[in-house]
Amino acid sequence: MNKDDFLYPRGRYYGQVKPENLVFNANLQEFAQRVSYICNLETNGKLPPGAAYEQIKDLWKQLKRSKEELRIGEDPFQDDQGEVEG
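Cut-offs used in this document
Residues numbered from 1 in each chain as written. Predicted model: local features only at pLDDT ≥ 70, side-chain atom pairs only at ≥ 80, totals over all residues. Heavy atoms only, no water. Core = buried A, V, L, I, M, F, W, Y, C linked by side-chain atoms within 4.5 Å. Buried < 20%, exposed > 50% of the residue type's maximum accessible area, 1.4 Å probe, protein only. Helix = DSSP H or I, 4+ residues; strand = E, 2+ residues; numbered from the N terminus. Contact = heavy atoms within 4.5 Å.

Concerning the nonpolar core
Counting residues in each nonpolar core, the largest one holds 9 residues, listed as Phe24, Phe31, Val35, Ile38, Leu47, Ala52, Leu59, Leu63 and Ile72. Broken down by secondary-structure element, the contributors of at least two residues to this core are α2 (19-43) and α3 (49-70). Broken down by element, the residue count for this core peaks at 4 residues, all from α2. Apart from the residues within four sequence positions on either side, isoleucine 72 is in contact with Glu20, Asn21, Phe24 and Lys67.

Topic: the environment of glutamate 20
Here glutamate 20 lies in helix α2. A residue is classified by how much of its surface remains accessible, and glutamate 20, at 26% relative accessible area, is partly exposed. Through-space distance from the C-alpha of glutamate 20 to that of leucine 70 is 5.7 Å; in sequence the pair is 50 residues apart. Glutamate 20 has contacts with Leu70 and Ile72, leaving out every residue within four places of it along the chain.

Here's what the structure looks like:
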């Protein structure tokens, strides 16, 4: 087992299988895992609250930028199967 697989485990994706959805899901899982580590470090006194906040804020900005670049949720005329309605 790779140490990254151990430290950052990935769950299975059950949503609509499109490349951008898979990439965003991976980014979302990484975000959640890193936030968990930051929270644990802050709770145990290893990281000051202000630094924890700034790190989480930076991670959120990265996730938001990822969503925008992948254009997740931008096509309101598409149904769950990826077909245009109307």
